[in-house]
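What follows is the residue order along each chain.
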Amino acid sequence: MATRDQLRGTLEVLILKTLTWGPRHGYAIARWLEETSSEILRIEEGSLYPALYRMEQRGLIKSDRRISELGRPAKFYHLTASGRRQLQVETAGWLAFAREVTRVLQAEA
Amino acid sequence: MTPDEPGGRPLPEPIFNASPADEVADEIAFHVEMRTRDLIARGTAPDIAARMAREGFSDITRVSSECRDIAERRDQSVRRAQYFTNLLQDVQFALRMLARRPAFALLAILTIGLGIGASTAIYSVVDGVMLRPLPFADPGHLVAIWVTEQRFRDDATLHTIWDHIVMGHEDYDGIRTQAKTVTGMALWGRGRTLARAPGGPQMLPSLRVTSNMLTTLGLRPALGRDFLPGEDVLNGPHVAMLSWETWQKEWNGDSSLVGKSVELDNVPYTVIGILPRGLRMDRSAPIAAVWSPALQDSSDLVQRHNRSYAALARLKPGATIQQATAEVSGLLSKLAIDSRGPVRGKGVAARVEEWQIDQTRTVRASLWILFGAVGLLLLIACVNVATLMLGEAARRESEIAARVALGAGPERIARQLLTESITLSLLGAIIGCAIAAVSVQVLVAMAPAGIPGIDSVHLDLRAVAFAVAVAAVTGILFGLAPALVLLRRGQQKAVRVGAGQTARGGRAVQHTLIAVEVALSLVLLAGCTLLGRSLERLTATDPGFDVRGLTAIQFDFDRELWRDQPRQARYVSAAMRELTALPGATAISAGSGVPFTGSNSSSPVKSDAREYGPDESGGNAQQRAILPGYLRAMGTPVLAGRTFNDGDRDGSELVIIVSEAEARRDFAGVAPVGRRLYWQGQWRTVVGVVGDVKYAQLSRNNEPMVYVPFDQYASGNFEFVVRSASGAPSLQRAIRDRLKKIDAGVSVASIDRMSDLIGKSYGEERYRTLLASLFGAIASILAIVGIFGVVSRGVARRTREAGIRAALGASASVLTRAMMGETLLGVGLGLMIGIPAAIAASRLMKPFLFGVSPNDPVALGAAILLLGGAAMLATYRPAQRAARVDPVIALRAE
């Protein structure tokens with residue numbers, strides 16, 4: 001079972017990943033997560049927004065106001081240098097972890 | 001991408017940031033709206049779509065409030081960061097502005113630094129010596145008890161001790177058993193003890209104390225036990241306590257020492273305990289290494305006149321010093337007469353005083369005066385900062401006006417000026433702390449011996465904080481006030497009139513400040529010239545003997561030798577033989593109480609030229625037992641009769657030589673030679689009159705003194721004098737070499753050049769004068785700097801005026817005078833206020849003056865000339881520069 005912290009960590013990595021393609025507002029992040037990931041990783045808006053605020057407070061992402069599809073200003077998020085670094089570290093960690101688990105699970109008796 | 005495209009360039013920051021609540025509400029509303037649209041586009045009915053979009057958040061209020069909380073925290077830290085960024089910017093700006101005016105900045109910083117540095121350094125000394133409580137339990141109730149005798153007050157010799165006479169056994173018993181106002185009375189007496197330490201025998205400072213001393217101080221031994229009540233009695237047990245420091249140094253802190261035996265003055269003593277660390281009864285002397293019980297010696301009891309103890313007690317709760325003084329005085333006058341007749345004079349009384357005050361009584365007055373001088377100096381520094389700041393504010397009028405015109409708000413300008421003032425004060429404070437830290441070291445290192453507690457002095461942080469605060473407040477007040485006035489006056493006016501015109505009021509304040517500064521400086525400078533004149537008189541005083549090439553040798557005796565008169569005599573003649581062979585020595589002799597060695601003794605004398613009443617004991621005279629060649633060796637002139645010769649020995653006629661002062665007092669109007677003098681229970685024939693000699697302080701009046709042949713009187717101690725042209729170190733080595741082998745009971749304690757001993761005797765005066773000169777110099781420099789600054793700026797402002805007048809034909813000298821006039825008025829006013837102030841302040845210094853009156857016109861005149869001259873110079877230079885300016889350049893400058 002993944003603990004709450006781990007889930008939160010996962011959500012943050014996914015958000016960071018989403019923002020590597022450029023600034024997005026909260027709804028766009030939610031949509032991208034819905035489209036790219038399956039039901040297992042389904043993320044509620046209820047946890048997405050607090051995560052965004054927390055990450056902004058920690059300096060992983062920054063927000064500014066840009067014109068949205070509705071033609072009026074909305075809050076857009078983009079990666080900071082420290083967010084980019086965090087993403088690299090987390091990605092490397094995840095891949096190493098996944099490789100190791102895969103190796104163990106596929107091991108011949 | 002253009003800004004209009006979705007997700008394009010960020011929009012500019014709004015002027016007022018949205019509150020976290022609005023921010024979160026907006027964002028969630030946007031999300032809901034987008035989701036609704038998408039759902040409708042995929043065919044959901046609009047009302048269902050709206051509900052589904054909201055339900056995506058499950059609990060929208062909880063999510064909102066969670067986000068709001070985080071956003072609030074985020075904004076807080078952003079604001080904090082912003083604040084520090086702004087502060088940093090302000091400080092950077094302030095530093096840039098100061099760097100553009102380096103002369104002003106440097107002067108202000110140095111002024112503040114000197115003020116803070118000097119005042120905190122001195123405060124630290126005052127605090128360490130006088131204010132910090134003694135490290136004993138309830139030190140406010142510890143009192144010193146001394147005997148006072150009115151009849152000694154006017155005695156030529158004893159007036160120096162009339163109010164701190166030591167006690168003896170019978171005083172102790174009487175007061176301790178009967179006094180109701182004091183409790184725990186304890187005695188202590190200083191001495192030196194030869195201790196056989198593992199590293200070899202050592203002559204160590206020691207104390208004899210009554211057994212209750214530690215209890216009275218409220219202390220316990222660090223190790224072992226305290227003295228017991230039965231131990232401070234005649235022929236009591238040989239027990240001793242060692243100081244923590246000596247125990248550590250000589251016995252390496254070996255705790256098995258307690259209970260063991262150590263040889264003290266060639267007698268085995270049992271070490272019963274180790275004293276608490278740092279315990280020091282007399283704060284002006286080194287820590288006493290050995291404590292042993294008092295009152296064990298037969299001399300303490302048998303000879304009632306043998307009094308050698310200082311007394312200490314605790315004031316009982318509720319009792320006052322006055323009550324204790326009255327009660328103990330009563331007891332002492334009862335004790336002054338016993339069955340065998342009077343043992344003390346009629347006017348005997350007690351002086352009871354808080355112990356700390358008693359210990360510092362000789363230095364208190366001078367430290368308070370020093371403290372006052374420091375206050376003046378800090379004041380001068382503040383006034384100087386004020387003048388500098390006012391001048392700057394006036395100069396920056398147009399700059400500030402321009403910035404107001406360009407839209408800078410008053411808060412912004414005030415904040416920036418404040419930052420500048422505080423930056424200046426802080427830089428000054430840093431310099432000040434450095435100056436203070438160094439000064440404290442120097443003050444302690446240069447201090448003459450005998451200032452109680454001087455070695456525990458350290459930089460006092462509270463004092464630093466206080467001085468920094470004073471300097472900061474001054475800087476802020478005088479930096480900000482004019483700026484605020486300018487701001488209120490309105491920007492248009494300021495811009496129109498331009499620099500210099502509105503500052504007329506400011507200039508009046510500046511000249512008043514100059515007057516104050518000059519007056520304060522004059523007070524300090526006059527005090528310093530007065531002390532300088534006094535010291536000059538003092539050092540020029542003839543001691544009554546020839547100091548050149550004279551060296552004094554002092555000895556430590558062990559206990560037996562001190563009583564063994566024939567052995568002492570043998571030592572003296574052997575030492576004479578050894579030293580006579582000393583190469584380069586032109587004169588050698590010995591006597592008791594060689595001047596400036598600190599040893600002296602006195603007793604009453606009566607002459608056959610005067611009548612005395614039945615209970616009159618005669619006036620005291622200093623007494624010296626000398627070898628025949630002593631007076632010749634010292635270079636003391638023989639005014640009548642002869643000096644001693646080898647015929648004046650034990651068994652021959654008892655002879656005595658008197659000093660001029662003794663001849664004047666007891667042989668008024670008759671020639672003393674051939675008359676007789678009653679001294680130490682015997683009549684002696686006066687064979688000569690010699691010149692007066694100073695023996696402890698050059699400043700003291702000449703005291704009556706008598707000399708007797710060493711062979712005819714067992715004085716119990718002696719020093720040697722050697723006159724030699726050779727250098728001191730080699731001479732000292734040679735002396736030590738030659739004296740080493742004569743007698744194991746005598747060791748050379750010290751060999752000093754007489755000039756050094758005399759120098760040490762007025763060390764305190766020299767120190768005081770040095771400090772005063774330092775203050776006078778700093779104060780004058782500050783005043784001159786202030787004057788120079790004001791004049792320079794005033795002249796700079798009036799360059800245009802000078803140009804016009806020069807063009808109209810005014811000569812350079814007329815212009816110079818016109819430029820100087822205003823400032824000199826301030827200086828003159830300052831001198832006028834300063835002269836009576838200086839005279840009043842000088843009166844406080846009367847006790848420290850020798851050979852000059854507090855109103856000494858030369859000292860005051862010198863101070864006025866010095867300060868006035870420097871002020872003239874500081875005024876003249878810039879004025880002259882302005883007067884010589886080319887009219888064309890001056891007119892173009894505006």
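Think of each chain on its own: its residues are numbered from 1, step by step along the sequence as written. Lettering for chains starts from A, numbering for ligands starts from 1, and both go in the order in which the items are written. Only residues with pLDDT of at least 70 are given local features in this predicted model, and only at 80 or more are side-chain atom pairs given and counted; all residues enter the totals for whole chains, interfaces and linings. Note that the side-chain values use all heavy atoms of the structure and ignore hydrogens as well as water.

A word on the overall build of chain A
- Helix and strand counts for chain A stand at four helices and three strands.
- Here a strand is any run of E in DSSP of at least two residues, a helix any run of H or I of at least four, and the numbering for each starts at the N terminus. Helices and strands appear in chain A in the N-to-C order α-β-α-α-β-β-α.
- Per-residue burial over chain A gives 40% buried out of 109 residues.
- We call two residues contacting when some pair of their heavy atoms lies within 4.5 Å. Restricting the contact set of chain A to residue pairs at least 6 apart, pairs at least 24 apart contribute 45%. Three exposure classes are used, based on accessible area relative to the maximum for each residue type with a 1.4 Å probe and protein chains only: buried under 20%, partly exposed in between, and exposed over 50%.

Examining the overall build of chain B
- Of regular secondary structure, chain B possesses 27 helices and 23 strands.
- Out of the 894 residues belonging to chain B, those deemed buried represent 50%.
- If you take every contact in chain B between residues at least 6 apart in sequence, the share linking residues at least 24 apart comes to 79%.
- In the form shown here, chain B has an accessible surface area of approximately 41300 Å², with 59% of it arising from carbon and sulfur atoms. Residue burial considers only the protein chains on display, and all accessible areas are found by Shrake-Rupley using a 1.4 Å probe.

A few points about the pairing of strand β8 (residues 290-293) of chain B
All names here are of chain B.
- Side-chain alternation along β8 places Val290 and Ser292 on one buried face and Trp291 and Pro293 on a second face that is also buried.
- Pairing between two strands is assigned when DSSP locates at least 2 bridges connecting them. The pairing of strand β3 (residues 200-209) with β8 spans four bridges and is parallel. The residue of β8 that forms the bridge with Leu207 is Trp291.
- When strand β5 (residues 239-242) meets β8, the two strands line up antiparallel, connected through two bridges. Residue pairing across strands places Met241 opposite Trp291, the latter belonging to β8.

Considerations on the packing of helix α25 (residues 812-844) of chain B against helix α26 (residues 857-883) of chain B
Residue and element names in this part refer to chain B.
- With their axes 9 Å apart at the nearest point, α25 and α26 run at an angle of 160° to one another. In terms of axis orientation, α25 runs roughly antiparallel to α26. Both α25 and α26 take part in a crossing whose hand is right-handed. Here α25 contributes Ala812, Leu815, Thr816, Met819, Met820, Thr823, Leu824, Val827, Leu831, Ile835, Ala838 and Ile839 to the contact with α26, which in turn contributes Leu860, Ile864, Leu867, Gly868, Ala871, Met872, Thr875, Tyr876, Ala879, Gln880, Ala882 and Ala883.
- Gly falls in the polar group here, along with every residue not listed as nonpolar (Ala, Val, Leu, Ile, Met, Phe, Trp, Tyr, Cys, Pro) or charged (Asp, Glu, Lys, Arg). For the contact of α25 with α26, the residue count by class is 19 nonpolar, five polar and no charged. Each axis is a line fitted through C-alpha atoms, and for a helix only the stretch in contact is used; angles between axes span 0 to 180 degrees, taken between their N-to-C directions. To sort the angles, those under 35 degrees are grouped as roughly parallel, those over 145 as roughly antiparallel, those from 65 to 115 as roughly perpendicular, and the leftovers as oblique. Crossings are classed by handedness, with left-handed meaning an anticlockwise turn of the near helix from the far one by less than a right angle and right-handed meaning a clockwise turn.

Observations regarding the sheet that holds strand β2 (residues 61-67) of chain A
Residue and element names in this part refer to chain A.
- Spatially, β1-β3-β2 is the arrangement adopted by the three strands of the open sheet, whose pairing is antiparallel. Because the sheet does not close on itself, it has two edges, and the strands there are β1 (24-25) and β2.
- The sheet contact formed by β1 and strand β3 (residues 73-79) spans two bridges and is antiparallel. Bridge assignment links His25 to a residue of β3, and that residue is Phe76.

Things to note about the pattern of salt bridges
- Salt bridge criterion: a side-chain nitrogen from Lys or Arg within 4 Å of a carboxyl oxygen from Asp or Glu. Evaluation of the coordinates by the stated rule reveals 41 salt bridges over all chains.
- The salt bridge partner of Glu56 of chain A is Arg74 of chain B, with a shortest N-O separation of 2.8 Å. Remark: Arg74 of chain B occurs in helix α3 (residues 60-100) and Glu56 of chain A occurs in helix α3 (residues 45-57); the pair is interchain, linking two chains. Accessibility assignment for this pair places Glu56 of chain A and Arg74 of chain B in one class, buried.
- Notably, a salt bridge pairs Arg103 of chain A with Glu100 of chain A, separated by 2.7 Å at the nearest N-O pair. Highlighted residues: Arg103 of chain A and Glu100 of chain A, both in helix α4 (residues 81-105), separated by three residues, approximately one helical turn.
- The exposure class of Arg103 of chain A is exposed, given its relative accessible area of 54%.
- When salt bridges that share partners are traced, they join Glu56 and Lys75 of chain A together with Glu23, Glu27, Arg74 and Asp75 of chain B into one network.

Observations regarding the side chain of Thr551 of chain B
Residue and element names in this part refer to chain B.
- Checked against the element boundaries, Thr551 lands in strand β13 (residues 550-557).
- By relative accessible area, which is 5% here, Thr551 ends up buried.
- If we ignore the near neighbours within four places in the chain, the residues touching Thr551 are Phe720, Val721, Val722, Leu731, Ile751, Asp752, Arg753 and Met754.

Some points on α25 of chain B
Residue and element names in this part refer to chain B.
- Multiplying one less than the number of residues by 1.5 Å gives the expected span of a helix. The end-to-end C-alpha separation of α25 is 46 Å, in line with the 48 Å expected for 33 residues at 1.5 Å each.
- The largest bend along α25 measures about 40° and falls at Gly821.
- Among the residues of α25, those classed as buried are Leu815, Thr816, Met819, Met820, Thr823, Gly826, Val827, Gly830, Leu831, Gly834, Ala838 and Ser842. To get the bend at a given residue, fit one axis to the seven residues ending there, fit another to the seven starting there, and take the angle between those axes.

Structural notes on unusual backbone geometry
Residue and element names in this part refer to chain B.
- Located in the positive-phi region is Asn252, a residue other than glycine, with phi close to 55°.
- Structurally, Asn252 is set in the loop between α7 (244-251) and β6 (261-264).
- Under the relative-accessibility criterion, Asn252 is labelled exposed at 67%.
- In this structure, Asn266 takes a positive phi of about 65° despite not being glycine.

A word on the nonpolar core
Residue and element names in this part refer to chain B.
- Put simply, a nonpolar core is a bunch of buried Ala, Val, Leu, Ile, Met, Phe, Trp, Tyr and Cys residues held in one set by side-chain atoms that sit within 4.5 Å of each other. Residues Ile553, Phe555, Leu579, Phe720, Ile735 and Leu739 are the most contacted members of the largest nonpolar core, which totals 35 residues.
- Of the residues forming this core, the biggest block, four residues, is contributed by helix α18 (residues 565-580).
- Look past the residues within four positions of Ile735 in its chain and what remains in contact with it is Ile553, Leu579, Leu582, Val722 and Ile751.
- Ranked by size, the runner-up nonpolar core spans 33 residues in total, among them Cys528, Met820, Val827 and Ala863.

Digging into the interface of chain B and chain A
- Taken together, the 32 residues of chain B in the interface contact 28 residues of chain A.
- Interface area, chain B with chain A, both sides summed: about 2800 Å², of which 58% is carbon and sulfur.
- If you look at where chain B meets chain A, you find eight salt bridges.
- Note that Glu34 of chain A is salt-bridged to Arg35 of chain B, the shortest N-O span being 2.5 Å.
- Polar contacts, as used here, are pairs of N or O atoms within 3.5 Å; protein pairs need one atom able to donate a hydrogen and one able to accept it. Residues neighboring in sequence count only if both atoms are side-chain atoms. The interface formed by chain B and chain A contains eleven residue pairs in polar contact (both at pLDDT 80 or more). A quick way to say it: buried area is the sum, across both parts, of accessible area lost when two parts are put together, with a 1.4 Å probe.

Points about a nonpolar patch on the surface
Residue and element names in this part refer to chain A.
- Only residues whose relative accessible area exceeds 30% and that take part in no salt bridge are eligible for patches, with like-charged residues grouped when within 9 Å of each other and nonpolar side chains (Val, Leu, Ile, Met, Phe, Trp, Tyr) grouped when within 5 Å. On the surface, Trp94, Phe97, Val101 and Leu105 cluster together into a nonpolar patch covering about 440 Å² of accessible area.
- If you trace the backbone, Phe97 turns up in helix α4.
- Judged by its relative accessible area of 53%, Phe97 falls in the exposed class.

Digging into the confidence of the model for chain B
All names here are of chain B.
- Note: pLDDT gives the predictor's confidence per residue, expressed from 0 to 100. The pLDDT averaged across chain B works out to 83; a share of 92% of its residues lies at or above 70.
- Low confidence marks residues 301-305, where pLDDT is under 50. Its contacts with residues over four positions away, or in another chain, come to seven contacts.
- When the criterion is pLDDT under 50, residues 491-503 qualifies, and its contacts beyond four places in sequence or with other chains add up to 16 contacts.
- Prediction confidence for the complex, expressed as pTM and ipTM, is 0.68 and 0.90 respectively.

Brief notes about the environment of Ala49 of chain B
All names here are of chain B.
- Its location among the elements puts Ala49 in helix α2 (residues 46-55).
- Spatially, the C-alpha atoms of Ala49 and Arg37 are 7.8 Å apart, while their sequence positions differ by twelve residues.
- Setting aside chain neighbours within four positions, we find Ala49 in contact with Thr36, Leu39, Ile40 and Thr44.

Thoughts on the packing of helix α1 (residues 20-41) of chain B against α3 of chain B
All names here are of chain B.
- For the pair α1 and α3, the least separation of the axes is 8 Å and the interaxial angle reads 135°. Relative to α3, the element α1 lies oblique. For the crossing formed where α1 meets α3, the hand is right-handed. Residues Pro20, Ala21, Glu23, Val24, Ile28 and Val32 of α1 lie in contact with α3, whose contacting residues are Ile60, Val63, Ser64, Cys67, Arg68, Ala71, Glu72, Arg74 and Asp75.
- Looking at the contact of α1 with α3 residue by residue, the class counts come to nine nonpolar, one polar and five charged.

So, the packing of aromatic side chains
Residue and element names in this part refer to chain B.
- Here the aromatic set is Phe, Tyr and Trp, taking the six-membered ring for Trp, and pairing holds for ring centres within 6.5 Å; pairs whose planes are under 30 degrees apart are stacked, those over 60 apart are edge-to-face, and all others are tilted. Taken as a whole and judged by the stated rule, the model has 16 aromatic pairs over all chains.
- With a centroid separation of 5.6 Å and 80° between ring planes, the pair formed by Tyr83 and Phe84 is classed as edge-to-face.
- Ring geometry for Phe555 versus Phe720: centroids 5.9 Å apart, planes at 80°, classification edge-to-face. Note that Phe555 is positioned in strand β13 and Phe720 in strand β22 (residues 719-724), a separation of 165 residues in sequence. The pair formed by Phe555 and Phe720 is uniform in burial state, with each residue classed as buried.
- Members of the aromatic cluster, joined through ring pairs, are Phe555, Tyr571, Phe710, Phe718 and Phe720.
- Seen from the ring of Tyr695, Arg624 lies directly overhead, with NZ or CZ sitting 5.1 Å from the centre. Our definition puts a charge over a ring when NZ of Lys or CZ of Arg is within 6 Å of the ring centre and also within 35 degrees of the ring normal.

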